[in-house]
Amino acid sequence: MKNLMPFAAMLLLINFSCTKEEKKTPQSQNAYSGFIPLSIGNYWVYEQVRIDTLGNETIGSMLDSAYVSADTIINGNTYYLLSGSNLASNSIGNFIRNNGYELVHFDFAQNKEVPVFTVRNPGSYFETDSLLVNSSTWFYINSKASPQRVSRVVSAGSFNCYERITTVIPGPAQTNYPWGTRINYRYYNENVGVVSSQFHYISSPDIYEMRLVRYRVN
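Everything in this summary refers to the structure shown in the same document. (Residues numbered from 1 in each chain as written. Predicted model: local features only at pLDDT ≥ 70, side-chain atom pairs only at ≥ 80, totals over all residues. Heavy atoms only, no water.)

1. Quick look at the overall build of the chain
Moving on, step 1. Tallying secondary structure elements over the chain gives one helix and 15 strands in all.
Moving on, step 2. Relative to its full complement of 218 residues, the chain shows a buried share of 50%.
Moving on, step 3. When the accessible surface of the chain is split by element, carbon and sulfur atoms take 50% of a total near 10,300 Å². (Helix = DSSP H or I, 4+ residues; strand = E, 2+ residues; numbered from the N terminus. Buried < 20%, exposed > 50% of the residue type's maximum accessible area, 1.4 Å probe, protein only. Areas by Shrake-Rupley, 256 points an atom, 1.4 Å probe, with all protein chains shown as cover.)

2. With respect to the side chain of Thr167
Moving on, step 1. Considering the arrangement of structural elements, one finds Thr167 in strand 12 (residues 157–170).
Moving on, step 2. A relative accessible area of 11% places Thr167 in the buried class.
Moving on, step 3. The contacts of Thr167, once residues within four sequence positions are left out, are Tyr125, Tyr140, Ile141, Asn142, Thr181, Arg182 and Ile183. (Contact = heavy atoms within 4.5 Å.)

3. As for the pairing of strand 3 (residues 43–51)
Moving on, step 1. The buried fraction of strand 3 is high, at seven of nine residues.
Moving on, step 2. Relative to strand 4 (residues 57–74), strand 3 is paired through eight bridges, and the arrangement is antiparallel. For Val49, the partnering residue across the bridge sits in strand 4 and is Ile59.
Moving on, step 3. The hairpin formed by strand 3 and strand 4 contains five residues between the paired strands, and Gly55 there has a positive phi angle of roughly 90°. (Pairing = 2+ DSSP bridges.)

4. Concerning empty space enclosed by the protein
Moving on, step 1. Approximately 60 Å³ is the volume found for the largest cavity.
Moving on, step 2. Every residue lining the largest cavity is listed: Ile36, Trp44, Tyr46, Ala66, Leu82, Ser89, Gly193 and Val194.
Moving on, step 3. At the level of elements, strand 3 and strand 14 (193–199) are the ones that each hand at least two residues to the lining of the largest cavity.
Moving on, step 4. Taken together, the residues that form the lining of the largest cavity break down as six nonpolar, two polar and no charged. (1 Å grid on protein atoms, 1.4 Å probe; cavity = no way out; pocket = protein on both sides within 12 Å on 5 of 7 lines; lining within 4 Å. Points joined across faces, edges and corners; volume = space filled by probe spheres on them. Nonpolar A, V, L, I, M, F, W, Y, C, P; charged D, E, K, R; others polar.)

5. Points about the layout of surface pockets
Moving on, step 1. In this structure, the second largest pocket spans a volume of roughly 180 Å³.
Moving on, step 2. If you trace the second largest pocket, you find ten residues lining it, with Arg182, Ile183, Pro205, Asp206 and Ile207 closest to the centre.
Moving on, step 3. Here the lining of the second largest pocket is composed, by residue class, of five nonpolar, two polar and three charged.

6. Things to note about the environment of Val195
Moving on, step 1. Following the sequence through the fold, Val195 ends up in strand 14.
Moving on, step 2. Each C-alpha atom of the pair Val195 and Leu212 lies 5.4 Å from the other, and the pair is 17 residues apart in sequence.
Moving on, step 3. Look past the residues within four positions of Val195 in its chain and what remains in contact with it is Tyr46, Arg152, Val154, Phe159, Cys161, Tyr187, Asn189, Met210, Arg211 and Leu212.

Quick look at the structure:
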């Protein structure tokens, strides 16, 4: 469970992207080769787009980036440190690696790997969590992978992606939350990384989407 102080809890970053550009395509397990290309020096640059309740889009003037800054060995496995803007990726500050059908990060507090994304059981929740403020449950947060791959079109190109679906459900402390259950999407391409992703602020009905503008991977 996530315990956050009240002032920090006003910003809920649950990443990420679904727009009218989507097109569902069958998933091929044989095409699998990972979720994020990991090598020191790899980087990704994103533009931020605000989408209001009518579907109108406003592109922000600032760009956000993420990059692989270092690697390390933990329990015989090589992990890569992702650095940059927290808006560009929810894995900033974590040591991550591709592990079979999973993208994982090493949780030092629990001394074990924790999945960031997995297609091992598509359609089933691989992560269930909650946002706590002063011991009160504000939101339940559940994530799963779609059983289908999705075509995403962004400034950097068109990509066939794996889809992560995160559902944010108001808890007992938010029975009068005006925007009800919310869904955010994130899209991975094995040759590129995170193509697009979404987050929202608790105090706003709008969705914010990070879309890939350019990247370099080795």
